[in-house]
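Fold and geometry: a report
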Amino acid sequence: MKEKRNVLILGASYGSLFATKLAMAGHSAQLVCLPDEVDLINSEGAIVKMPIRGREGSIDIRTTDLSGPVSACGPDHARPEEFDLVVLAMQEPQYRSSEIRNLLGRIGETARPCLSIMNMPPLPYLKRIPGLDVDACRDSYTDATAWEGLEPELVTLCSPDPQAFRPPGLPINVLQVRLPTNFKAARFESSEHTAMLRQLESDIQSARFEIDGKPSEVPVKLRVHESIFVPMAKWCMLIAGNYRCIGKDGMRPIREAVRSDPKKSREIYEWVSSLCISLGASKADMVPFDKYAQAADSLITPSSAARALAAGAPNIERVDRLVQTIAANRGLQLTIVDEIVSLVDYWLEQNRASSP
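**Quick word on the layout of surface pockets**
In this model, the second largest pocket occupies a volume close to 440 Å³. Along the wall of the second largest pocket there are 21 residues; nearest its centre are Asp 161, Thr 181, Lys 184, Val 287 and Lys 291. Where the lining of the second largest pocket is concerned, the elements lending two or more residues are strand S14 (222–225), helix H6 (233–242) and helix H9 (289–296). When residues in the lining of the second largest pocket are grouped by element, the largest group, four residues, is from H9. Taken together, the residues of the lining of the second largest pocket sort by class into 10 nonpolar, five polar and six charged.

**Observations regarding the pattern of salt bridges**
Enumeration according to the criterion identifies 20 salt bridges in this entry. Of the charged contacts, one joins Arg 55 and Asp 212 as a salt bridge, the two residues approaching to 3.0 Å between their closest N and O atoms. Taken together, the residues span a long stretch of sequence, with Arg 55 in the loop between strand S3 (47–51) and strand S4 (58–62) and Asp 212 in the loop between strand S12 (209–211) and strand S13 (214–216) at a distance of 157 residues. By relative accessible area, which is 66% here, Asp 212 ends up exposed. Connected through salt bridges with shared partners, the residues Arg 187, Arg 198, Glu 201 and Glu 226 form a single ionic network.

**Quick word on the packing of helix H8 (residues 262–279) against H9**
Orientation of H8 relative to H9, taken along the N-to-C sense of each, is 125 degrees, at an axis distance of 11 Å. With respect to each other, H8 and H9 are oriented oblique. With respect to the hand of their crossing, H8 and H9 are arranged in right-handed fashion. Where H8 abuts H9, its residues Pro 262, Ser 265, Arg 266 and Tyr 269 lie against Phe 289, Asp 290 and Tyr 292.

**Regarding the nonpolar core**
Ranked by size, the top nonpolar core spans 82 residues in total, and within it Leu 10, Trp 147, Trp 235 and Tyr 243 carry the most contacts. If sequence neighbours within four positions are ignored, Leu 10 has contacts with Val 32, Val 86, Val 87, Leu 88, Ala 89, Met 90, Tyr 95, Leu 103, Leu 104 and Ile 107. Among the nonpolar cores identified, the runner-up in size contains 47 residues, and Ala 25, Leu 31, Leu 85 and Ala 185 belong to it.

**Section: the sheet that holds strand S1 (residues 6–10)**
Working definition: the strands of a sheet are paired by backbone hydrogen bonds and lie parallel or antiparallel to each other. The mixed open sheet is built from eight strands, whose spatial order is S5-S2-S1-S6-S7-S8-S11-S14. The open sheet is flanked by strand S5 (70–73) and S14, the only strands paired with a single partner. When the angles between neighbouring strand axes are averaged without regard to direction, this sheet yields 25 degrees. In this sheet, strand S8 (residues 155–160) lies alongside strand S7 (residues 114–116) in parallel orientation, the contact comprising three bridges. Across the sheet, the residue bridging to Leu 115 is Thr 156, located in S8. Where helix H3 (residues 98–109) meets the sheet, its contacts fall on S1, strand S2 (28–32), strand S6 (85–88) and S7, and the angle it forms with S1 comes to roughly 150 degrees.

**A few points about the sheet that holds S3**
A sheet is described by the order of its strands in space; here four strands give the open sequence S4-S3-S10-S9, paired in mixed fashion. Every other strand in the sheet has two partners, leaving S4 and strand S9 (163–165) as the edge strands with one partner each. Direction aside, neighbouring strands of the sheet carry axes that sit 25 degrees apart on average. Relative to strand S10 (residues 174–179), S9 runs antiparallel, the two being bridged by three bridges. When the bridges of S10 are listed, Ala 164 appears paired with Val 177. Taken strand by strand, helix H1 (residues 14–24) contacts S3, S4, S9 and S10, and its axis lies near 85 degrees from that of S3.

**What to know about the pairing of S1**
In terms of burial, S1 is a largely internal element, four of the five residues being buried. Sheet topology note: the S1/S2 ladder contains five bridges and is parallel. Counterpart to Leu 8 in the pairing with S2 is Gln 30. Following the chain from S1 across H1 to the adjacent parallel S2, one finds a crossover that is right-handed. Bridge analysis of S1 against S6 gives four bridges, and the strand direction is parallel. Pairing of Leu 8 across the sheet is with Val 86, part of S6.

Rules used in this analysis
- Residues numbered from 1 in each chain as written.
- Predicted model: local features only at pLDDT ≥ 70, side-chain atom pairs only at ≥ 80, totals over all residues.
- Heavy atoms only, no water.
- 1 Å grid on protein atoms, 1.4 Å probe; cavity = no way out; pocket = protein on both sides within 12 Å on 5 of 7 lines; lining within 4 Å.
- Points joined across faces, edges and corners; volume = space filled by probe spheres on them.
- Helix = DSSP H or I, 4+ residues; strand = E, 2+ residues; numbered from the N terminus.
- Nonpolar A, V, L, I, M, F, W, Y, C, P; charged D, E, K, R; others polar.
- Salt bridge = Lys/Arg side-chain N within 4 Å of Asp/Glu carboxyl O.
- Buried < 20%, exposed > 50% of the residue type's maximum accessible area, 1.4 Å probe, protein only.
- Axes fitted to C-alpha atoms, helices over the stretch in contact; angles between N-to-C directions.
- Parallel < 35°, antiparallel > 145°, perpendicular 65-115°, else oblique.
- Left-handed = near helix turned anticlockwise from the far one by under 90°.
- Contact = heavy atoms within 4.5 Å.
- Core = buried A, V, L, I, M, F, W, Y, C linked by side-chain atoms within 4.5 Å.
- Pairing = 2+ DSSP bridges.
- Right-handed = clockwise from strand over helix to strand, strands pointing away.

Right, here's the structure in full:
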């Protein structure tokens, strides 16, 4: 009989997708989130709208219908010592809040392994990359001190390739998956912790959900890789697509950012890929540009970073600045990346100046 795992997930938006996949495989998950989310998830469950190949529209997967339990709580009520794994699924700026900082500290004290599904890699993960000047990267984080309680060997990174969002006008416990690709995780340093990830990978792969009266496979899987560089493939996508949604006067969809000038998009993408390879990644760790561009065709709204800036956010995840900094420390520079960083800085300055 397989061992049931108990997983604590910080963040109920993107985190609810991971929780749903765990619950479908029979494992339990607890989401750490805001009071309104806690009440709704505990009373009605989380709902993921999932596209299925060959089927019109999406199906609704409600966690209350799954074999594994999903619950929710606030950060002060989370007990990390009761869990086998912690998943970091909040946007990086959220970790600066006092309640989440306190919870991160308690997670560090209990020495629980942490799997990040953030676009912005946690600082302790960067320390696993040989030769990287991590101190130089601290300014890319909203508050680098929030991460000081986590040990690098207990942190790994998972590329959050699936695209999902909360549909406007629907309750906050609903998540719509737009691009049902896979989570690609790097191994932990520990073989024991990596074995747990591989168990979850296998169980999620085997899980089935009843669709039209028959057990069916559902997309979005967990894939565990030996290379610690595999999740960095997302950096290419973020710089060539997500951050290029941001314009001086407004935002554009990811598809337009990538397809309006394919030659420029390819240049940026392959430059970031080359940077990752210079850090130790292999070419096989990276996703080819043409495959990414094809996937980007379905991304018909601006990126979450662009939407956040347009909505007045004073902080967003700064993978753009992180990539610029790492490149500069290796004697590398690309003008369009510098322009992206300056544009994000401009929006943040405007937002901070107008915030109360």
